[in-house]
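The residues making up each chain are set out below.
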Amino acid sequence: MPGPTAASAGPVGKARTLAQVYRRFGEADAAATSPLYERVAVALSESDEALRAIGTAPARKRHPTVILAALHDLALAGRAPALAAAYAAADGDAAAGAAIDTLLRTTDAVVAVAARRKPRTYETGRCAVLYPAVAEAARRVGAHTVGLIDVGSSAGLNLHVDRVGITYSDGQALGDPSSPVQLSSSIVGDRPVPARAMPEVVARIGVDPDPVDVTDADDTRWLRACLPPDQRDRMAGLEAELALAATDPPLLLRGDAVEVLPDAFAHVRPDALPVVTTTWALSRFPLETRLRFLHRLDEAAADRGAVAWVSAEGVGVAPTIPTFGDRRASGHSIIGLTVCDRSTLHAEALGRCWSRGRLLAWLADSRGAGDVVPTGE
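Being a predicted model, the structure only gives us computed values, none of them experimental.

1. Describing the packing of aromatic side chains
With the rule as written, the count across this model stands at two aromatic pairs. Seen in terms of ring centroids, Tyr37 and Tyr87 are 6.3 Å apart; in terms of plane orientation they differ by 65°. Their pairing is edge-to-face. You can see Tyr37 sitting in helix H3 (residues 35–45) and its partner Tyr87 sitting in helix H6 (residues 81–89), a full 50 residues away along the chain. Tyr87 carries the same exposure label as Tyr37, and that label is buried. Taken together, a centroid distance of 5.1 Å and an interplanar angle of 75° make the contact between Phe293 and Trp309 edge-to-face. Of this pair, Phe293 sits in helix H13 (residues 287–304) while Trp309 sits in strand S8 (residues 306–314), placing them 16 residues apart in sequence. Neither residue differs from the other here; Phe293 and Trp309 are each classed as buried. Positioned above the aromatic ring of Phe285 is the side chain of Arg284, whose terminal nitrogen or guanidinium carbon lies 5.8 Å from the ring centre.

This is how it looks when you write it as structure tokens:
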């Protein structure tokens, strides 16, 4: 086992050693989805030298998802050809050896990438949740055009929700059937999602402290690097979405969501409904910040007349959104719709979703107006 310096995983490992963190990641987390990363992570856990190299990264940047993505980034950039070849061949043993060799030879480069970047989650199911919810928001307000503002913007891919095709397991289809990006989602229960088309999108704005620009080669390479190289279907899906987004790049605003939102609203023309979307973004913020975020929506509504917020967040994370009585950390998320006008706030839970939108239960009565909460409360 490595000595105290190499074994310390900081906040990542808590009571576990760094070796245990990597072994657990390989055997428990990666095993079901990426045999390649399972083999690499276990090999790293068994190498004292590799663990010492990882231990030179900042404590919060030692997690396997960050270090493996940094190694993958170097391979994609042509700076680790042996590792790139092993990944391309999906050769676990060769990848394990090449990963350790790359880490030892280029420790400073790996640590520099890990320190500068944060893991990015790419999940296509988000659009299957967002499309019917944004369309419902427009219906509630009677809007014929919308401006999309995505917080925690996931490279702005959510901002092209109207340009993808979505097929649900019950046969329902939404969006563009000719789009190069075709997604699917399984319906849970017997209520279909509303068959309403989204109105015209006239603005696409991403808000993030560290936004990913789909027109920047380094940024898009990092998105690819955050996917295990043997997940070919997900990689192909990402490539299609990046190509689609690059044809109409969103406006990216860098900064804290609470501070930047007024700027974002200013970029939506007056006759369009601003629809803010958050997908698993608010859990990073304390409750006080989430309430300030809600206050920003209320302020914008006072000026504009109406603002909508579509959320897919863990149970109890989105302020004012009912939870169906579900317990926190219950394994699913709540799809919420909040509409602020000049005097009231209407908040409703539209349904539940699992696996980042790959399973969806639509529960709302689309004829209803939701719960009404006075804005002063």
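2. Topic: the confidence of the model for the protein
Confidence along the protein averages 90 in pLDDT terms, with 91% of residues attaining 70 or more. The model gives residues 1–15 a pLDDT under 50, and that stretch makes 29 contacts with residues more than four places away or in other chains. Ignoring residues within four places in sequence, the model shows residues 368–377, a span with pLDDT below 50, making 22 contacts including any to other chains.

3. Description of the nonpolar core
Within the largest apolar cluster, 41 residues are counted, with the highest numbers of intra-cluster contacts made by Leu44, Leu83 and Leu103. Of all the secondary-structure elements, those providing two or more residues to this core are helix H2 (18–30), H3, helix H4 (48–54), helix H5 (64–76), H6, helix H7 (92–105), helix H8 (107–116) and helix H10 (217–225). Counting residues per element, this core draws most heavily on H5, which supplies eight residues. Setting aside residues up to four positions removed in sequence, Leu83 forms contacts with Leu71, Ala75, Ala95, Ala98, Ala99 and Thr102. Counting residues in each nonpolar core, the second largest holds 40 residues, with Tyr131, Val146, Ala308 and Val339 among its members.

4. Let's talk about the side chain of Arg62
Mapping Arg62 onto the fold places it in the loop between H4 and H5. Summary of buried charges: Arg62 has no salt-bridge partner, and the nearest side chain of opposite charge, Asp108, is 13 Å away. A polar contact of 3.3 Å, which involves the side chain of Arg62, links it to the backbone oxygen of Gly55. From its side chain, Arg62 meets the backbone oxygen of Ala57 in a polar contact 2.9 Å long.

5. Side note on the packing of H10 against helix H11 (residues 232–246)
Any two packed helices are characterised by the angle at which their axes cross and by the distance between the axes. The interhelical angle for the contact between H10 and H11, taken along N-to-C directions, is 155°, at an axis separation of 10 Å. On the basis of their axis angle, the class for H10 and H11 is roughly antiparallel. Where H10 crosses over H11, the handedness of that crossing is right-handed. Note on element contacts: H11 touches H10 through Met235, Leu238, Glu239 and Leu242, opposite Thr220, Leu223 and Arg224.

What counts and how
- Residues numbered from 1 in each chain as written.
- Predicted model: local features only at pLDDT ≥ 70, side-chain atom pairs only at ≥ 80, totals over all residues.
- Heavy atoms only, no water.
- Phe/Tyr/Trp six-rings, centres within 6.5 Å; stacked < 30°, edge-to-face > 60°.
- Helix = DSSP H or I, 4+ residues; strand = E, 2+ residues; numbered from the N terminus.
- Buried < 20%, exposed > 50% of the residue type's maximum accessible area, 1.4 Å probe, protein only.
- Lys NZ or Arg CZ within 6 Å of the ring centre and 35° of its normal.
- pLDDT = per-residue confidence, 0-100.
- Contact = heavy atoms within 4.5 Å.
- Core = buried A, V, L, I, M, F, W, Y, C linked by side-chain atoms within 4.5 Å.
- Lys, Arg positive; Asp, Glu negative; His and termini not counted.
- Salt bridge = Lys/Arg side-chain N within 4 Å of Asp/Glu carboxyl O.
- Polar contact = N/O pair within 3.5 Å; in protein donor to acceptor, adjacent residues only side chain to side chain.
- Axes fitted to C-alpha atoms, helices over the stretch in contact; angles between N-to-C directions.
- Parallel < 35°, antiparallel > 145°, perpendicular 65-115°, else oblique.
- Left-handed = near helix turned anticlockwise from the far one by under 90°.

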